[in-house]
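Single-letter residue listing:
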Amino acid sequence: MRNLLKSCTAALACLGFATQVIAAEPLKALGKGEGAVSIVAWAGYIERGETDKSYDWVTAFEKETGCKVSVKTAATSDEMVSLMNEGGFDLVTASGDASLRLIAGKRVQPINTDLIPSFKNVDERLQNGPWYTVGGVHYGVPYLWGPNVLMYNTDTFKEKAPTSWNVVFEEQTLPDGKSNKGRVQAYDGAIYIADAAMYLMAHKPDLGIKDPYELTEDQYKAALDLLRGQRKLVSRYWHDAMIQIDDFKNEGVVASGSWPFQVNLLQTDKQKIASTFPEEGVTGWADTTMLHADSEHPNCAYMWMEHSLQAKVQGDAAAWFGAVPSVPAACKGNELMGDAGCATNGFDHFDKIKFWKTPVAKCTTQSECVPYHRWVSDYIGVIGGR
């Protein structure tokens, strides 16, 4: 997160008129695969069975297409934008707080959905998502979506799920009789300011926050103040999923915002871990596979995008990450997901999740909002004790 993005800053400045982006021409026809495809992805998104042999949606693709898959794992959306700005990658699994930046910065190219037959099977709620569709032009294909859950230690909370995010935002004695100070975590990404704003929407309605990504100066200041208080409680600002897993196993961390991916791995390891949707609601992510503007392997990239929308791949990936597939057909008949998996992971709660999006100055719910470049610099200040 601390590698502030010089080229991204310029992109952020123009996000206010992102709808005016002039789209380049998408690919007209598929050719022969180039033999390789490189992907910037979240941890757990591109599996070839190395962690668990049951989860492998890469090997078959490579055999069928001859396109060798290489993956660069990114821990935050800012890192993904930085890597795409540097170049050398074909695809990225971008969340909503990165996708419009990539479009505005002309780092990704329009997609010809006619060359991706399975696009028609994508959930209608996602087919024209505003986080990757600009002026009616698609800049990618949906991959997975889901919530940022509250993960907690069941021993600490005496088998009763916490009902509020206050367990990570406000100092208190937890059900095990000990303080939460030094036993909770927060996300190491500026977009986490939205989680604080969402909490304030419920607990300080007089602030008038309507959208946690669209904040006036006063609302933004209140969110930062809450986060500065939280800093006294936080043992680590996490961005690496595997390090967070280790912290819950070995470092005494008992509560944090997290992804279902960590919850699933900890439960598979027989750890006393569960997750919940607190009463204030949750933020979340709807991720899009986007093609770099200067991709060296566009044919293999299109082949991967088509492969990624196969019901079996969608179901397996969603089961592994604890996410919701973008193809509803994946919700039934998948051995790894199970027929109840989509419901468990939040398929019916789409409208209750406040999906990540890039904050812009020219917002819709206020006359003017604090733009994302401020979020980045100020959140670094919060983490640094300023």
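Here the residue numbers are simple positions, counted from 1 along each chain's written sequence. Where totals are concerned, whole chains, interfaces and linings use all residues; where local detail is concerned, this predicted model gives features only for residues with pLDDT of at least 70, and gives and counts side-chain atom pairs only at 80 or more. Working from all heavy atoms in the structure, the side-chain values ignore hydrogens and water.

### Comments concerning the state of the cysteines
To keep things clear, this is the line we draw: Any pair of cysteine sulfurs within 2.5 Å is marked as a disulfide. Comment: elements are numbered from the N terminus, with helices defined as DSSP H or I runs of at least four residues and strands as E runs of at least two.
Enumeration over the complete set of coordinates arrives at three disulfides. At a sulfur-sulfur separation of 2.0 Å, the disulfide partner of C331 is C342. Given an S-S torsion of about -85°, the disulfide between C331 and C342 has left-handed geometry. One end of the pair, C331, is in the loop between β13 (324–325) and α12 (341–345); the other, C342, is in helix α12, with eleven residues separating them in the sequence.

### Describing helix α13 (residues 372–383)
An α-helix turns once every 3.6 residues. As a result, residues three or four positions apart point the same way. Defined as follows: Take the residue count of a helix, subtract one, and multiply by 1.5 Å to get its expected span. Note on classification: 1.4 Å probe, protein chains only; a residue is buried when its accessible area is under 20% of the maximum for its type, exposed when over 50%, partly exposed between these limits.
Over its twelve residues, α13 runs 17 Å from end to end, which matches the ideal 16 Å to within 8%, given 1.5 Å per residue. Every buried residue of α13 is accounted for by Y372, W375, V376, Y379, I380, G381, V382 and I383. Once α13 finishes, G385 follows within two positions and takes phi at roughly 90°, a positive value.

### Describing the packing of aromatic side chains
The following threshold applies: When the centres of two rings from Phe, Tyr and Trp lie within 6.5 Å, Trp using its six-membered ring, the rings pair. Their planes under 30 degrees apart give stacked, over 60 give edge-to-face, and anything left gives tilted. Two thresholds decide whether a charge sits over a ring: the Lys NZ or Arg CZ must be within 6 Å of the ring centre and within 35 degrees of the ring normal.
All told, the structure shown has 25 aromatic pairs when counted by the stated rule. The interplanar angle of 85° and the centroid separation of 6.2 Å between the aromatic rings of Y237 and Y379 together place this pair among those described as edge-to-face. Placement of the pair is Y237 in strand β9 (residues 234–238) and Y379 in helix α13, with a sequence separation of 142 residues. In terms of burial, Y237 and Y379 fall into one category: buried. The structure contains a cluster of three or more aromatic residues connected by ring pairs, namely W42, Y45, Y55, Y143, Y187, W238, W259, F261, W285, W320, F321 and W356. Taking NZ or CZ as reference, R125 lies 4.5 Å from the ring centre of F347, over its face.

### Focus: the side chain of N112
Quick reminder of the rule: Polar contacts, as used here, are pairs of N or O atoms within 3.5 Å; protein pairs need one atom able to donate a hydrogen and one able to accept it. Residues neighboring in sequence count only if both atoms are side-chain atoms. The contact criterion used is simple: two residues touch if any of their non-hydrogen atoms lie within 4.5 Å.
Relative to the helices and strands, N112 is located in the loop between α4 (96–104) and β4 (133–134). A polar atom in the side chain of N112 sits 3.0 Å from the backbone nitrogen of D114. Discounting chain neighbours no more than four positions away, the residues touching N112 are P26, L27, K28 and Y302.

### Side note on the packing of helix α8 (residues 241–250) against helix α9 (residues 260–268)
Helix packing geometry: the angle between the two helix axes and the distance between the axes. Selection criterion: Under this scheme, a helix contributes an axis fitted over its contacting stretch, all axes are lines through C-alpha atoms, and angles between N-to-C directions fall in the 0 to 180 degree range. Angle categories are assigned with fixed cut-offs, so that under 35 degrees is roughly parallel, over 145 is roughly antiparallel, 65 to 115 is roughly perpendicular, and the rest are oblique. Here a crossing is called left-handed whenever its near helix is offset anticlockwise from the far helix by less than a right angle, and right-handed whenever the offset is clockwise. Under the scheme applied, nonpolar residues are Ala, Val, Leu, Ile, Met, Phe, Trp, Tyr, Cys and Pro; charged residues are Asp, Glu, Lys and Arg; polar residues are all the others, including Gly.
Axis separation between α8 and α9 bottoms out at 10 Å; the angle between their running directions is 45°. With respect to their mutual orientation, α8 and α9 come out oblique. The crossing of α8 and α9 is right-handed. Of the residues in α9, those touching α8 at A241, M242, Q244, I245, F248 and K249 are F261, Q262, L265 and L266. Looking at the contact of α8 with α9 residue by residue, the class counts come to seven nonpolar, two polar and one charged.

### Considerations on the domain arrangement of the protein chain
One frequent convention defines the size of an interface as the accessible area lost when the parts assemble. To keep things clear, this is the line we draw: The split of the chain into domains comes from an automatic or database domain assignment. Two parts placed together each lose some accessible area under a 1.4 Å probe, and adding up what both lose gives the buried area. Within this document, salt bridges are pairs made up of a side-chain nitrogen of Lys or Arg and a carboxyl oxygen of Asp or Glu, the two lying within 4 Å of each other.
With domains assigned, the protein chain is organised as domain 1 (36–146 + 285–355) and domain 2 (149–258 + 358–384). One C-alpha centre belongs to domain 1, the other to domain 2, and the line joining them spans 26 Å. In this assembly, ten residues from domain 1 lie in contact with eleven residues from domain 2. For the domain 1 and domain 2 pair, buried surface summed over both sides reaches about 890 Å², with 58% attributable to carbon and sulfur atoms. The tally of links between domain 1 and domain 2 comes to zero salt bridges. Looking at the side of domain 1 that touches domain 2, the elements that each hand over two or more residues are α4 and β14 (353–355). It is α4 that contributes the most residues to the side of domain 1 that touches domain 2, four residues altogether. For the side of domain 1 that touches domain 2, a count of residues per class yields four nonpolar, two polar and four charged.

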